[in-house]
Amino acid sequence: MKKSMKNINPSISYRLLYPSVPTLIVSSSKDTISAMPAVSVIALSNEPALLGISISPEHSTYKTIKRNGKLTISLLDSKDIPRLFALSKELGYRTKDKLRTSGFHKTITPKLKLIAPAEATAVFECRVVNDFETGDHRLLICNVVSVYASDDFEDYWKYEQYNPILYGGSSIGFVPYNKSKKERNM
Ligand SMILES: Cc1cc2nc3c(=O)[nH]c(=O)nc-3n(C[C@H](O)[C@H](O)[C@H](O)COP(=O)(O)O)c2cc1C
């Protein structure tokens, strides 16, 4: 280890993992549409396709997901940073429809008829198949029932139209990925 390293409080060690691509999680129940940015989304299995989400049980969105049992996970383009920023400042327990108040438009997904932001570049339709206690968070295991992506995705992202958002922590916030072709080394 380098001598110059300093000791970090383990409870904030997750911040060492930034920058991360934030997703937008949406779930609805009765007249409530809950939505929140989430970076703790991980691919767990290819077949069946399973994603894990680490989510605080304090969040309104968690409570809505528990009522509905289904959710969408969306990827957004950097053009939507202002909307995502506005959404991250909204408090779920005060707002019945966080998508609308932050300027997103709604679309209904083809298979599970769930709400997703119309602006999304990719949308996963998910069903929760398990929910584990993991310290002060819950680990939701989500089956990817269907997933849709823009033309820029052909087995992998081409990054010709899609410019991902990176979240660098509260001091940096949301920034565009903006990787130009000549910078690529693979
Ligand atoms: C970029 C970003 C990523 C976040 N990722 C997560 C996450 O993965 N899990 C989590 O529980 N909270 C995460 N949060 C916090 C929630 O999004 C935030 O507390 C939100 O206000 C919860 O909304 P709700 O109470 O309306 O559900 C993140 C916040 C930001 C800004």
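Residues numbered from 1 in each chain as written. Predicted model: local features only at pLDDT ≥ 70, side-chain atom pairs only at ≥ 80, totals over all residues.

S.K.: Explain unusual backbone geometry here, please?
M.R.: Where the residue is not glycine, phi is negative for most of them; where a peptide bond is considered, it is trans in most cases. Residue P19 is reached from Y18 by a cis peptide bond, and omega for that bond is 5°. Among the structural elements, P19 can be located in the segment before β1 (23-29). Of note, the bond from E47 into P48 is cis; its omega dihedral lies within 30 degrees of zero at 0°. Of note in the backbone geometry, K30 takes a positive phi value of approximately 50° without being a glycine. Assignment of secondary structure puts K30 in the loop between β1 and β2 (32-38). Even without a glycine there, the phi angle at K113 is positive, about 55°. Structurally, K113 can be placed in the loop between β6 (106-108) and β7 (115-117). (Helix = DSSP H or I, 4+ residues; strand = E, 2+ residues; numbered from the N terminus.)

S.K.: I tried to follow the site of the ligand on my own but got confused; where do I start?
M.R.: The ligand sits among 17 residues. The nearest are M36, S40, H59, T61 and G92. Class assignment for the residues of the shell around the ligand results in seven nonpolar, ten polar and no charged. (Near = placed C-beta within 6 Å. Nonpolar A, V, L, I, M, F, W, Y, C, P; charged D, E, K, R; others polar.)

S.K.: Honestly, the sheet that holds β1 in this entry has me stumped. Any pointers?
M.R.: Strand pairs in the sheet, formed through backbone hydrogen bonds, run parallel or antiparallel to each other. On the basis of which strands lie adjacent, the open sheet formed by seven strands has the order β2-β1-β5-β8-β9-β4-β3 and antiparallel pairing. Both edges of this open sheet fall to β2 and β3 (41-45), since each of them pairs with a single strand only. With direction set aside, neighbouring strand axes in the sheet form an average angle of 35°. (Pairing = 2+ DSSP bridges. Axes fitted to C-alpha atoms, helices over the stretch in contact; angles between N-to-C directions.)

S.K.: Sorry if this is basic, but what is going on with helix α1 (residues 60-68) here?
M.R.: Because an α-helix completes one turn every 3.6 residues, residues spaced three or four positions apart along the sequence face the same direction. Among the residues of α1, those classed as buried are T61, Y62, T64 and I65. An end-on view of α1 places all buried positions within 165° of arc, on one side of the element. The positive-phi residue at the C-terminal boundary of α1 is G69, with phi of around 80°. (Buried ≥ 20, exposed ≤ 12 C-beta atoms within 10 Å, placed from the backbone. Arc of directions from axis to C-beta.)

S.K.: Could you clarify how one ought to interpret the pairing of β1 in this entry?
M.R.: A regular strand carries its side chains on alternate faces of the sheet. Of all the seven residues making up β1, six are buried; the element is thus mostly covered by neighbouring parts of the structure. In terms of strand pairing, β1 meets β2 through seven bridges, oriented antiparallel. Residue pairing across strands places V26 opposite A35, the latter belonging to β2. Hairpin connection between β1 and β2: a loop of two residues separates the two successive antiparallel strands, and K30 in this loop has a positive phi of roughly 50°. In this sheet, strand β5 (residues 70-75) lies alongside β1 in antiparallel orientation, the contact comprising three bridges. Its bridge partner lying in β5, V26 is registered against T72.

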